[in-house]
Amino acid sequence: MKKFSSKEAVIIRQLSKCFTGNDFLNESYEKTIHSNLEKRMKECKFEQFYDYLLYLNRAPNELFSFVSALTIHTTFWMREESHFEEIVKDIVKKGIKRPKIWSVACSSGQEPFSLALYLEELREKGEIEDYEILASDVDILSIKKGKLSQYQLRDLENISPRFHRFLNIKAESFSPSNDIKNRVFFTFHNIFNNHSGALSLKKMDYILMRNVLIYFDQDSIAKIVSNLADYLKPSAQLVVGHCESLRSIRDSRFSLKGRSIYNFRPRENLEFTEKPKLLVVEDSPSIQVVIKKIVGREFDITLAPDTDYATRALKKNKFDVISLDLNLGKDCGDDWLLKERSRGLESPVIIVSDFQGRDAERVFSTLSSTSQDYLRKKDLNQSPQLFLEKLRGMVGNKIEKSPQNLTSKAHKLVTNFSSVEGILIGGSTGAIAVLDELFQNLPPNLPPIFLVQHMEFEFIKTYASNLRFGKKLWVNEVREKIQCQPGHIYLAGADSHLIVEKEENNLFANIQLGASVLGHRPSVDALFQSGARCNGQFLSILLTGMGRDGAQGMAELSQKKGNTNIIQDRESCVVFGMPGEALKLGAAHGEFSIQEIINIFNMISEKKEAA
């Protein structure tokens, strides 16, 4: 079947906006929807989209299948299970005897039934008297599947044996017990319309709306959250996906408890919180105007035309994020930032400056020690949304930390460190300082390291020199196929993708020409996907960064036996975007701090030495 034309794509987008509220904010979502529609048209024996639209008009029941094709159905049992554990703890702590919970966008029921297993255990212990879960979705066909409640046996792998007593397990399928099914109620509901199937809703103790907000813009998110707030009890909680946040909509009724769980209090008892504070250290009036235009609605901006003014501003206020020009007339922004860091400044900083290749050393010096990201001034006009997204990411990642046993956790992660053949690492700009720390005392006998770092091609040589400086590292800029050696780091030395190849048990680093992937070349996805094709045994690591590059590649690696995938923990990430996307796909085996990753490197080295 031929692909949809540009006009047809516009119609599909408009219909999706009408029925589901989603108008294809990201490319991967649009591709999925087009694929779903092509499949449905083929099932109905239509070649032309126009003919299918006419059929929709003649056969109203087909609308259910059409809406189903416009929705994403990614779901599985015990997804982001830590949320269920937190809800159970909160129920016991508050002494709620009959909790009422709403699972929004429940798809075919795995989420509400997963939570019900935990609640059924509480009921069995006498911790609660009863419970009720409302499960809703805009897709009628998914609702029907949820009501049927029949699931494939392979899904049992995701469910702890401790819950199997609450399941009816047969030869080819399983279903929740009748006790659970009698407490989970499925209904149609459109999250943009409070009068669409949920009128009988009582006030809820908890609402789960996970991995939904990623598909909507900020205005839509604000409307969705406002609608849901009407159904929350005072002191209730709203739970979103691990890679989602409410921070950008600035709704004072919701305060972050931790791990994407928000406490709710009615608005009449609160005053509005302030917008996140942004200090703009910039001497150009025209650039000041551009920045205010881009971010003025979301940020409380203080303009500092020179470093003296900026220092006085820091003494009066605590800023959530700082935008800094390196060239401020007679002042050097990097020198000022270094001085303020020595005085205790903790706010994340994005460099917004005009610079040429010869200035790369200054940029990398700040990125490895005092700042977290950079943007050329020309991009403020060419890609204003990029600047806004970078700022959002830098202020939206403050959550509670959890103490962990670093060594034991690493031991549980990989059973045989000596089998690791290569280490694949990907990150964005904020990862430069992370990599500097990781490589500071790198064991010399580690397997080859393949590194993709988002940056402009003209900075590669400077970056490679910075990696080598003072660390006794073998850093190779790959411009052609070369055989890899232990203790060496390989990164793309041209405007191309870096890939790993395997021939007769030997690893090779190579470059691959081609289009950018998710706007990046080199791309982390391209590296990770090449590792998946090798059928080797790799340790892949996804570090801080905005966007989703690397998530799909890590998912492909996870399908191959012997690979271990880890992500930088959200507590230490400047932006949890890329690691969070991998977590959402279920591709990561765990979140690890920088020190934990260093511990893993040391364990691999010890195992290699002993082998």
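It should be emphasised that the depicted structure is a prediction, and the values quoted were computed from it without experimental measurement. (Residues numbered from 1 in each chain as written. Predicted model: local features only at pLDDT ≥ 70, side-chain atom pairs only at ≥ 80, totals over all residues. Heavy atoms only, no water.)

Caption draft 1: A look at the overall build of the protein. Helices and strands together make up the secondary structure of the protein, namely 22 helices and 27 strands. Within the protein, residue pairs in contact and separated by at least 24 positions form 71% of the contacts whose partners lie at least 6 positions apart. Accessible surface for the protein amounts to roughly 27700 Å². Of this, 48% is attributable to carbon and sulfur atoms. (Helix = DSSP H or I, 4+ residues; strand = E, 2+ residues; numbered from the N terminus. Contact = heavy atoms within 4.5 Å. Areas by Shrake-Rupley, 256 points an atom, 1.4 Å probe, with all protein chains shown as cover.)

Caption draft 2: Here's a closer look at the sheet that holds strand E23 (residues 497–503). Ordered in space as E21-E24-E23, the three strands form an open sheet in which the pairing is antiparallel. Two strands lie at the open edges of the sheet, namely strand E21 (482–483) and E23, each paired on one side alone. Bridge count between E21 and strand E24 (residues 506–512): two bridges; the pairing is antiparallel. Note that in E24 the partner of Gln483 across the bridge is Phe508. Contacting E23 and E24, helix H19 (residues 524–534) runs over the sheet at an angle of about 10° to E23. (Pairing = 2+ DSSP bridges. Axes fitted to C-alpha atoms, helices over the stretch in contact; angles between N-to-C directions.)

Caption draft 3: Fine view of the packing of aromatic side chains. One pass over the full model with this rule turns up 14 aromatic pairs. On the basis of an interplanar angle of 50° and a centroid distance of 5.5 Å, the ring pair of Trp77 and Phe174 is categorised as tilted. Of this pair, Trp77 sits in the loop between helix H4 (62–69) and helix H5 (82–94) while Phe174 is found in strand E5 (residues 173–176), placing the two residues 97 residues apart along the sequence. Just as Trp77 is buried, Phe174 falls in that class too. Ring centres 6.2 Å apart and planes at 75° place the aromatic pair Phe113 and Tyr151 in the edge-to-face group. Highlighted residues: Phe113 in helix H6 (residues 110–125) and Tyr151 in strand E3 (residues 151–152), separated in sequence by 38 residues. Residue Phe113 is classed as buried on the basis of its relative accessible area of 1%. Through a chain of ring-to-ring contacts, three or more aromatic side chains come together here, namely Trp77, Phe113, Tyr151, Phe174 and Phe186. (Phe/Tyr/Trp six-rings, centres within 6.5 Å; stacked < 30°, edge-to-face > 60°. Buried < 20%, exposed > 50% of the residue type's maximum accessible area, 1.4 Å probe, protein only.)

Caption draft 4: Quick look at the side chain of Asp569. Its place among the elements puts Asp569 in the loop between strand E26 (564–568) and helix H21 (577–584). Here Asp569 is in contact with Phe576, Glu591, Phe592 and Ser593, once residues within four sequence places are set aside.

Caption draft 5: Quick peek at unusual backbone geometry. Arg521 connects to Pro522 through a cis peptide bond whose omega is 10°. Positive phi, normally seen in glycine, also occurs at Asn505, with a value near 70°. Relative to the helices and strands, Asn505 is located in the loop between E23 and E24. Owing to a relative accessible area of 66%, Asn505 belongs among the exposed residues under this scheme.

Caption draft 6: Expanded view of the environment of Tyr309. Within the secondary structure layout, Tyr309 lies in helix H11 (residues 307–316). Along the sequence, Tyr309 and Val281 sit 28 residues apart, while their C-alpha atoms lie 8.6 Å from each other. Excluding residues that lie within four positions of it along the chain, Tyr309 makes contacts with Thr302, Leu303 and Ala304.

Caption draft 7: Spotlight on the side chain of Asn563. Within the element layout of this structure, Asn563 appears in the loop between helix H20 (551–558) and E26. Polar side-chain contacts of Asn563 include one of 2.9 Å to the backbone nitrogen of Phe538. Among the polar contacts listed, one links the side chain of Asn563 to the backbone oxygen of Leu557, at a separation of 3.1 Å. Apart from the residues within four sequence positions on either side, Asn563 is in contact with Gly536, Gln537, Phe538, Leu557 and His589. (Polar contact = N/O pair within 3.5 Å; in protein donor to acceptor, adjacent residues only side chain to side chain.)

Caption draft 8: Broad picture of the pairing of strand E19 (residues 449–453). Burial runs high along E19: five of the five residues are buried. Across the two faces of E19 the burial is the same, with Ile449, Leu451 and Gln453 and Phe450 and Val452 all buried. As judged from the five bridges shared by strand E18 (residues 422–427) and E19, these two strands associate in the parallel manner. Pairing of Leu424 across the sheet is with Phe450, part of E19. In this fold, E18 hands off to helix H17 (residues 431–438), which returns the chain to E19; that crossover is right-handed. (Right-handed = clockwise from strand over helix to strand, strands pointing away.)

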